[in-house]
Amino acid sequence: MMFSIGHGGARDRQLERAEMRLVFLISYPLCLMAAMASRITHIFDRRAVRPVQSIFAEARSSAHAAIGYAFNV
């Protein structure tokens with residue numbers, strides 16, 4: 001059995017990172033709007049617990065989670 005070692009692995013990782021950034025840039029605004037909508041609904045519910053994260057951190061973590069599901073398929 002013969003294995004070929006080339007520069008394709010580094011290039012593949014670079015393309016995958018670029019894809020991941022693109023998917024993040026597409027999904028982040030959607031997640032940001034969802035986080036904002038969630039915060040607005042929390043204003044009207046007095047029993048709701050206040051979120052610990054900022055809206056931007058919540059949107060970023062949601063976008064990263066969505067990317068994880070997208071790249072798992």
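Residues numbered from 1 in each chain as written. Predicted model: local features only at pLDDT ≥ 70, side-chain atom pairs only at ≥ 80, totals over all residues. Heavy atoms only, no water.

(A) Spotlight on the overall build of the protein chain. A tally of helices and strands in the protein chain yields 2 helices and 0 strands. Pairs at least 24 residues apart make up 62% of the contacts formed inside the protein chain by residues separated by at least 6 positions. Only carbon and sulfur atoms are counted for the fraction: they give 64% of the accessible area of the protein chain, which is about 6600 Å². (Helix = DSSP H or I, 4+ residues; strand = E, 2+ residues; numbered from the N terminus. Contact = heavy atoms within 4.5 Å. Areas by Shrake-Rupley, 256 points an atom, 1.4 Å probe, with all protein chains shown as cover.)

(B) A look at the nonpolar core. Counting residues in each nonpolar core, the largest one holds 6 residues, listed as Phe24, Cys31, Leu32, Ala59, Ala63 and Ile67. Elements that contribute at least two residues to this core include exactly helix 1 (8–44) and helix 2 (55–72). Among all residues touching Ala63, those that are not within four sequence positions of it are Phe24, Ser27, Tyr28 and Cys31. (Core = buried A, V, L, I, M, F, W, Y, C linked by side-chain atoms within 4.5 Å. Buried < 20%, exposed > 50% of the residue type's maximum accessible area, 1.4 Å probe, protein only.)

(C) Just helix 2, in detail. Look at helix 2: 26 Å from first C-alpha to last across 18 residues, which is about the 26 Å you get at 1.5 Å a residue. Turning to helix 2, its buried residues number three or more, namely Ala57, Glu58, Ala59, Ala63 and Ile67. (Expected span 1.5 Å × (residues − 1).)

(D) Examining a nonpolar patch on the surface more closely. Residues Ile40, Ile43 and Phe44 make up a contiguous nonpolar surface patch of roughly 390 Å² in combined accessible area. Within the secondary structure, Phe44 is located in helix 1. Note on Phe44: relative accessible area 72%, which makes it exposed. (Patch = residues over 30% accessible without salt bridge, like charges linked within 9 Å, V, L, I, M, F, W, Y side chains within 5 Å. Salt bridge = Lys/Arg side-chain N within 4 Å of Asp/Glu carboxyl O.)

(E) Structural view of the pattern of salt bridges. Under the defined criterion, the tally for this structure stands at 1 salt bridge. Measuring nitrogen to oxygen at the nearest pair gives 2.9 Å for the salt bridge that ties Glu58 to Arg39. Pair noted here: Glu58 is in helix 2 and Arg39 is in helix 1, with a separation of 19 residues, a long-range link.

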